[in-house]
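A closer look at the structure
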Amino acid sequence: MIVGVEIRPEGVEEYCEQHTTPLTELHARLAKTTEENTRTPNYLVGPLEGSFLKLLVRLCQAKRILEVGTFAGYSALSFAEALPADGSIVTCELDPNAIEIARRFFAQSPHAKKIEIREGRAADTLKNLQGPFDPCFIDADKPSYDYYYDRCLELVRQGGLIVLDNMLRYGRVLNPTDEDARIVNALNARIHNDPRVENVLLPFRDGIMLAYKL
Ligand SMILES: C[S@@+](CC[C@H](N)C(=O)[O-])C[C@H]1O[C@@H](n2cnc3c(N)ncnc32)[C@H](O)[C@@H]1O
């Protein structure tokens, strides 16, 4: 990189959004409700990543998806829209306020019947699930990411994809000084050296790790 030259000049993300197939009007309303009713509206993946995840589901020809971290349901809705009529998502969440919003919006979607929320600690839910899933999307508490990755590797089908969000911690993985950045940095190295997967770490939003189970 040339010193002083931004990799992503201001406005590029908006430009990408404007040149990407948009999500639905339900997504826009969900984002607004999340903004007004939660303290963490930045949790949801947003329009660009949502469209990316949706396309990924189409490319995988996914039938059964596992999501760790529902929040208000934005990414789950993106997945659901790309699934075939007999497809399904199991999505894990422990925050009752987030679950209430998610349920309210799922009920307004023609894809509602594809989505099953499992309430409680995701680690407990994952323990009792049976695979195969494809893809598995990990987007929850960072201290549990190691467990989620290992368990998802058991649950994902061979030739399936694990997608991990927030794998750059807004650049803090380069020089980790906080606990989450240290955990994510160590996990990036572990995935990169894991002979069971082929991986790519995308510098897209806060970093998306794709790990393909060989
Ligand atoms: C970044 S948000 C998920 C955003 C969501 N994927 C989206 O794009 O709309 C992370 C979520 O994980 C949930 N979470 C944190 N720790 C959890 C745990 N141990 N078990 C289940 N959910 C957890 C949080 O309550 C939060 O709603």
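Note that the structure is a prediction, hence the values are computed from the model and not measured.

Quick notes on the side chain of Asp165
Residue position: Asp165 is located in strand β5 (residues 161-165). Buried and unpaired, Asp165 has no salt bridge, with Arg205 as the nearest side chain of opposite charge at 5.0 Å. In this structure, Asp165 is in contact with Val45, Glu49, Phe137, Ile138, Asp139, Lys142, Tyr145, Gly207 and Ile208, ignoring residues within four places of it in sequence.

Concerning the packing of aromatic side chains
Tallied over the entire structure, the rule returns five aromatic pairs. Centre to centre, the rings of Tyr147 and Tyr148 are 6.3 Å apart; their planes meet at 65 degrees, and the pair counts as edge-to-face. By relative accessible area, Tyr148 is classed as buried at 3%. One aromatic cluster is present, built from ring pairs that chain together Tyr145, Tyr147 and Tyr148. One residue, Arg64, lies across the ring of Phe133, its end atom 3.9 Å from the ring centre.

Some thoughts on the environment of Lys63
Inspection of the secondary structure puts Lys63 in the loop between α3 (46-60) and β1 (64-68). Put simply, Lys63 and Lys114 are 51 residues apart on the chain and 9.9 Å apart in space, counted from C-alpha to C-alpha. Of the polar contacts made by the side chain of Lys63, one reaches the side chain of Asp86; its length is 2.7 Å.

Quick word on the site of the ligand
Close contacts around the ligand come from 20 residues, with Gly69, Ser75, Glu93, Ala122 and Asp139 the closest. In the model, an oxygen atom of the ligand is placed 3.4 Å from a nitrogen or oxygen of the Tyr74 main chain. In this structure, Glu93 approaches the ligand through a side-chain N or O atom, which is 2.6 Å from an oxygen atom. Its free accessible area being 610 Å², the ligand has 90% of it covered by the protein chains. Grouping the amino acids of the shell around the ligand by side-chain chemistry returns ten nonpolar, four polar and six charged.

Considering α3
Note: α-helices contain 3.6 residues per turn, so residues at a spacing of three or four share the same orientation. The first and last C-alpha atoms of α3 sit 21 Å apart over 15 residues, in line with the 21 Å expected at 1.5 Å per residue. The elements touched by buried residues of α3 are α1 (12-18), β1, α4 (74-82), β4 (136-138), β5 and β7 (208-213).

Description of the state of the cysteines
Counted by the stated rule, this structure contains zero disulfides. No disulfide involves Cys60; its sulfur sits 10 Å from the nearest other cysteine sulfur, which is in Cys136. The cysteine Cys92 is free of any disulfide, with Cys152 supplying the nearest cysteine sulfur at 8.4 Å. Cys92 gets classed as buried once you look at its relative accessible area, which sits at 2%.

A short note on the pairing of strand β6 (residues 197-202)
Residues in a regular strand point their side chains to alternate faces of the sheet. Of the pairings in the sheet, the one linking β6 to β7 comprises six bridges and is antiparallel in character. The residue of β7 that forms the bridge with Leu201 is Met209. A loop of five residues connects β6 with β7, the two strands running antiparallel in sequence, and Arg205 in this loop sits at a positive phi of about 50 degrees.

Looking at the packing of helix α7 (residues 145-155) against helix α8 (residues 179-192)
Where α7 meets α8, the closest approach of the two axes is 10 Å, and the angle between their N-to-C directions is 25 degrees. As far as their axial angle goes, α8 and α7 are roughly parallel. Each of Tyr145, Asp146, Tyr149 and Asp150 in α7 lies in contact with α8, whose residues at this interface are Ile183, Leu187, Arg190 and Ile191. Of the residues contributing to the contact of α7 with α8, the split by class is five nonpolar, no polar and three charged.

A closer look at the environment of Ala85
Note on placement: Ala85 falls in the loop between α4 and β2 (88-93). Separated by 55 residues in sequence, Ala85 and Ala140 have C-alpha atoms that sit 27 Å apart. Dropping the residues within four chain positions of it, Ala85 is found in contact with Lys113 and Lys114.

Reading guide: rules and limits
Residues numbered from 1 in each chain as written. Predicted model: local features only at pLDDT ≥ 70, side-chain atom pairs only at ≥ 80, totals over all residues. Heavy atoms only, no water. Helix = DSSP H or I, 4+ residues; strand = E, 2+ residues; numbered from the N terminus. Buried < 20%, exposed > 50% of the residue type's maximum accessible area, 1.4 Å probe, protein only. Lys, Arg positive; Asp, Glu negative; His and termini not counted. Salt bridge = Lys/Arg side-chain N within 4 Å of Asp/Glu carboxyl O. Contact = heavy atoms within 4.5 Å. Phe/Tyr/Trp six-rings, centres within 6.5 Å; stacked < 30°, edge-to-face > 60°. Lys NZ or Arg CZ within 6 Å of the ring centre and 35° of its normal. Polar contact = N/O pair within 3.5 Å; in protein donor to acceptor, adjacent residues only side chain to side chain. Near = heavy atom within 4 Å. Areas by Shrake-Rupley, 256 points an atom, 1.4 Å probe, with all protein chains shown as cover. Nonpolar A, V, L, I, M, F, W, Y, C, P; charged D, E, K, R; others polar. Expected span 1.5 Å × (residues − 1). Disulfide = S-S within 2.5 Å. Pairing = 2+ DSSP bridges. Axes fitted to C-alpha atoms, helices over the stretch in contact; angles between N-to-C directions. Parallel < 35°, antiparallel > 145°, perpendicular 65-115°, else oblique.

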